[in-house]
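As a plain string of letters, each chain reads:
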Amino acid sequence: MSEQQEPQVVIVGPGELNGEDENEKGVVDMVEQPAKVMRIGSMIRQLLDEAKAAPLDEAARIRLAEIHTKSIKELSDGLSPELVEELERLAPSFSTEAPSEAELRIAQAQLVGWLEGLFHGIQTTLAVQQMTARAQLEHMRRALPSGLVQQNESERGGSTGPYL
């Protein structure tokens with residue numbers, strides 16, 4: 001920063017932390033019921049593991065197909081319309097009453113993969129928000145007159161740690 005330029009404080013709204021404009025929703029905002037989505041995701045992961053471990057007779061395949069369909073419906077209740085649309089495009093519906101073991105395993109693996117991608121997107125968005133907030137805070141601290149920062153630190157007991 002040049003000596004002639006005065007320090008500036010920039011106020012950023014919540015949407016701007018995600019690098020999005022006001023018309024776009026962040027992936028975190030698209031999950032309306034995160035606890036429900038996490039629970040269903042864990043259940044689906046466990047079902048996939050069980051389906052891989054044991055041979056499935058016709059009754060088990062029918063039951064697993066029903067659970068898969070119900071899981072997608074329950075997931076849809078906890079997601080934004082945009083994510084529901086994406087999930088419906090990617091999640092297969094079974095054409096026969098008793099799908100094959102391979103069809104079930106592929107459908108379950110696809111759903112688990114989609115959920116993991118969703119969870120990774122949420123984690124990445126939260127990490128970016130946290131880093132952006134830290135950078136803004138540091139920028140604001142540098143923009144304050146140095147006497148004010150020193151006075152504030154002495155009021156806190158002279159701590160110079162990373163926490164405010």
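Here is a short report on the structure shown in this document. Keep in mind it's a predicted model, so treat the numbers as computed, not measured. (Residues numbered from 1 in each chain as written. Predicted model: local features only at pLDDT ≥ 70, side-chain atom pairs only at ≥ 80, totals over all residues. Heavy atoms only, no water.)

Some details on the packing of helix α3 (residues 34-53) against helix α4 (residues 58-77)
- Put simply, α3 and α4 touch, their axes get as near as 10 Å, and they point 160 degrees apart. In this view, α3 runs roughly antiparallel relative to α4, as classed from their interaxial angle. Between α3 and α4 lies a crossing whose hand is left-handed. Touching Lys-36, Val-37, Ile-40, Met-43, Ile-44, Leu-47 and Ala-51 of α3 are Leu-64, Ile-67, Ser-71, Glu-74, Leu-75 and Asp-77, all from α4.
- Considered class by class, the residues forming the contact of α3 with α4 number nine nonpolar, one polar and three charged. (Axes fitted to C-alpha atoms, helices over the stretch in contact; angles between N-to-C directions. Helix = DSSP H or I, 4+ residues; strand = E, 2+ residues; numbered from the N terminus. Parallel < 35°, antiparallel > 145°, perpendicular 65-115°, else oblique. Left-handed = near helix turned anticlockwise from the far one by under 90°. Contact = heavy atoms within 4.5 Å. Nonpolar A, V, L, I, M, F, W, Y, C, P; charged D, E, K, R; others polar.)

So, the pattern of salt bridges
- This structure, assessed with the given rule, holds six salt bridges.
- Note that Glu-74 and Lys-36 form a salt bridge whose closest N and O atoms lie 3.0 Å from each other. Residue Glu-74 is found in helix α4, and its partner Lys-36 is found in helix α3; the two are separated by 38 residues along the sequence.
- For the salt bridge of Asp-77 with Lys-36, the shortest nitrogen-to-oxygen distance reads 3.9 Å. Taken as a pair, Asp-77 in helix α4 and Lys-36 in helix α3 lie far apart in primary sequence, 41 residues in all. (Salt bridge = Lys/Arg side-chain N within 4 Å of Asp/Glu carboxyl O.)

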